[in-house]
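Single-letter residue listing:
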Amino acid sequence: MVASPVIIDCDPGQDDAVALFLAMASPDELDILGITTVAGNVPLELTQRNARMMCDIAGRKDLPVFAGCERPLVRAPITAEYIHGNTGIDGVDVFEPVTPLQDDHAVSFIVETLVDAEPDSITLVPTGPMTNIAAAIGRSPEVVKGIRQIVSMGGAMREGGNRSPSAEFNILVDPHAAEVVYNCGKPIIAMGLDVTHQVLSTRERVARIRDVGNDVADATAGMLSFFHRYDTKKYGSEGAPLHDPCTVAWLLRPDLFATKRCNISVEKDSELTLGHTAVDFWHVTDRPHNVDWAYEVDADGFYDLLVERLARFGS
Ligand code: BDR
Ligand code: CA
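Residues numbered from 1 in each chain as written. Chains lettered and ligands numbered in written order. Predicted model: local features only at pLDDT ≥ 70, side-chain atom pairs only at ≥ 80, totals over all residues. Heavy atoms only, no water.

Participant: For the coordination of the calcium ion (ligand 2), give the residues involved together with the corresponding values.
Facilitator: Within the protein, the calcium ion (ligand 2) binds to Asp 11 (OD), Asp 16 (OD), Asp 16 (OD), Thr 127 (O) and Asp 244 (OD); these donor distances fall in the range 2.2 to 2.6 Å. Written as a sequence motif, the donor arrangement for the calcium ion (ligand 2) is D-x4-D-x110-T-x116-D. The pair Asp 11 / Asp 16 is uniform in exposure class, with both members buried. (Donors = N, O, S within 2.8 Å, 3.2 Å for Na, K, Ca; no water. Buried < 20%, exposed > 50% of the residue type's maximum accessible area, 1.4 Å probe, protein only.)

The structure is reproduced here in structure tokens:
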């Protein structure tokens, strides 16, 4: 099997961090060309540091990490320290990573990589606001030809919003970027809250991860134990939704998910429903089908996959 080239565009964030670990544990399937970071859960100076920390913890100090956009395309930044903690990755001890920050801007890296790539060859995995990818498309529209597919975390249909009554956080932060990406004409798999709210990090599942007993699993269990607190109180659930790893899990095991091809459109004007994703699940409009919207996941299968992959890291 030839590993599929991917760029992971993220704003770590505990769940972004777990998505990175899952990808790093899967070199047979995924060839990580670079990790690009964006402002989102916490400001950019922390998301890039956190991504580099995860490379250190996973023993992948060779992976190029880039810092990207410090703010959304149009709107003022919104952060989420109240969920992720002031570091963005509360639950692990913060340290200054050895993995270097590349000199290039993330948007330049994305543009150069996609322009030089074979047509339809690179998979983009955005797990934060999609500012970097939209900025790359805006700067050089020909980048689109190099994209094979985009597997994104963002949006909500049946679940409603998590940062406003109508909107999921990543889309709320940069609705203008989401609109550009969803309409870029390439295959898009969208993991919204409808599916991420099905993969709850229950105490039993976190205990299974902790029992794996290596550094990466310990870091994962530590972060999830922190992440747990806010969401279990908010939703009255047994665990927190493990949003971002759904993207990487889909790349590894698409059979775990059910998706439906339909239109997604983003509200950009209304202050009340800003960032709402109007998912035309029942095809009641003639808007073009621009995404495969995920609506069901085998949660036990997802956690089996995560535990199996985390166990691949050395102790
Ligand atoms: C998304 O927002 C962030 O808080 C998480 O990292 C995830 O990407 C969930 O709404
Ligand atoms: Ca994220």
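Participant: Let's hear about the packing of helix 9 (residues 203-212) against helix 10 (residues 215-235): which residues, and what values?
Facilitator: The geometry of helix 9 relative to helix 10 is characterised by a closest axis approach of 7 Å and an angle of 155° between their N-to-C directions. Taken together, helix 9 and helix 10 sit at an angle that is classed as roughly antiparallel. The two elements helix 9 and helix 10 meet at a crossing, and its hand is left-handed. On the side of helix 9, the interface is formed by Arg 203, Val 206, Ile 209, Arg 210 and Val 212, while helix 10 contributes Ala 217, Asp 218, Thr 220, Ala 221, Gly 222, Leu 224, Ser 225 and His 228. Tallied by class, residues from the contact of helix 9 with helix 10 come to 6 nonpolar, 4 polar and 3 charged. (Axes fitted to C-alpha atoms, helices over the stretch in contact; angles between N-to-C directions. Helix = DSSP H or I, 4+ residues; strand = E, 2+ residues; numbered from the N terminus. Parallel < 35°, antiparallel > 145°, perpendicular 65-115°, else oblique. Left-handed = near helix turned anticlockwise from the far one by under 90°. Contact = heavy atoms within 4.5 Å. Nonpolar A, V, L, I, M, F, W, Y, C, P; charged D, E, K, R; others polar.)

Participant: Could you give an account of the site of ligand 1, naming the residues involved and the relevant values?
Facilitator: Looking at ligand 1, the residues that line it are Asp 15, Asp 16, Asn 41, His 84, Thr 127, Met 153, Asn 162, Glu 168, Phe 169, Asn 170, His 243 and Asp 244. His 84 places a polar side-chain atom, nitrogen or oxygen, 2.8 Å from an oxygen atom of ligand 1. Relative to its unbound accessible area of 280 Å², ligand 1 is 98% covered by the protein chains. When each cavity is represented as a set of grid points, ligand 1 is found to reside in the largest cavity. Of all the secondary structure elements, the ones that give two or more residues to the shell around ligand 1 are helix 1 (14-24) and helix 6 (169-173). Residues of the shell around ligand 1, tallied by class, amount to 2 nonpolar, 6 polar and 4 charged. (Near = heavy atom within 4 Å. Polar contact = N/O pair within 3.5 Å; in protein donor to acceptor, adjacent residues only side chain to side chain. Areas by Shrake-Rupley, 256 points an atom, 1.4 Å probe, with all protein chains shown as cover. 1 Å grid on protein atoms, 1.4 Å probe; cavity = no way out; pocket = protein on both sides within 12 Å on 5 of 7 lines; lining within 4 Å. Sits in = over half its atoms within 2 Å of the grid points.)

Participant: So what about empty space enclosed by the protein? Which residues, and what values?
Facilitator: A full pass over the atoms with the stated rule returns 1 cavity of 30 Å³ or more. There is about 210 Å³ of room inside the largest cavity. The wall of the largest cavity is formed by 22 residues, among which Asn 41, His 84, Asn 162, Phe 169 and His 243 lie closest to the centre. Of all the secondary-structure elements, those providing two or more residues to the lining of the largest cavity are helix 1, helix 3 (81-84), helix 6 and helix 10. Counting residues per element, the lining of the largest cavity draws most heavily on helix 10, which supplies 4 residues. Residues belonging to the lining of the largest cavity are distributed by class as follows: 8 nonpolar, 6 polar and 8 charged. (Points joined across faces, edges and corners; volume = space filled by probe spheres on them.)

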